[in-house]
Amino acid sequence: MELFQKEAPDVASAFNGLIQSLIASKGLDQKTKQLIYIAMKTAMGDSIAVKAHLPMAKAVGATRDEVIDAVLLTLTVSGISGVVKCLPEVIRIYDEK
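Residues numbered from 1 in each chain as written. Predicted model: local features only at pLDDT ≥ 70, side-chain atom pairs only at ≥ 80, totals over all residues. Heavy atoms only, no water.

(A) Structural detail: the overall build of the chain. Across its full length, the chain holds seven helices and zero strands. In sequence order, the secondary structure elements of the chain are arranged as α-α-α-α-α-α-α. Seen along its three principal axes, the alpha-carbon backbone of the chain occupies a region of about 40 × 30 × 30 Å. Counting all 97 residues of the chain, 29% fall into the buried class. Pairs at least 24 residues apart make up 55% of the contacts formed inside the chain by residues separated by at least 6 positions. Charge centroids of the chain, computed over 11 positive and 11 negative side chains, lie 2 Å from each other. (Helix = DSSP H or I, 4+ residues; strand = E, 2+ residues; numbered from the N terminus. Buried < 20%, exposed > 50% of the residue type's maximum accessible area, 1.4 Å probe, protein only. Contact = heavy atoms within 4.5 Å. Lys, Arg positive; Asp, Glu negative; His and termini not counted. Charge placed at Lys NZ, Arg CZ, Asp CG, Glu CD.)

(B) Examining helix α7 (residues 81-95) more closely. The first and last C-alpha atoms of α7 sit 22 Å apart over 15 residues, in line with the 21 Å expected at 1.5 Å per residue. Along α7, the sharpest kink reaches roughly 30°, centred on L87 and followed within four residues by the proline P88. Residues of α7 that are buried sit in contact with α3 (30-43), α4 (47-59), α5 (64-72) and α6 (75-78). (Expected span 1.5 Å × (residues − 1). Bend = angle between axes of the 7 residues up to and from the residue.)

(C) Spotlight on the nonpolar core. Counting residues in each nonpolar core, the largest one holds 17 residues, and the members touching the most others are I38, L54, V67, V71 and V90. Contributing elements (two or more residues each) for this core: α3, α4, α5 and α7. At six residues, the largest contribution of residues to this core is made by α7. Beyond its immediate chain neighbours, meaning those up to four positions away, V71 contacts I38, T42, V83, L87 and V90. (Core = buried A, V, L, I, M, F, W, Y, C linked by side-chain atoms within 4.5 Å.)

(D) Local environment of the side chain of K41. Within the secondary structure, K41 sits in helix α3. Assessed through its relative accessible area of 16%, K41 is described here as buried.

(E) View of the side chain of H53. Of note, H53 is situated in helix α4. Excluding residues within four positions of it along the chain, H53 makes contact with Q34, Y37 and I38.

Right, here's the structure in full:
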């Protein structure tokens, strides 16, 4: 992200504005948004994004079981690879004190 912001500050600013607009939208609560984001990123196999969003999900009340379910739901969409890549880190990070 630092390189993105350095090399394309206007685009990065617009992207950040989009993210803020999505966070502020009223259709879903923040916990549900974080669980959906974790599921989408797991389906893509993006363990870095999953690890980044897990603390946010915990902060808005997502339980360990809810996060694991979000990860496991991706099995029906994208198979086992994202689950294998992301689930161990999800459990490790969630269980950290």
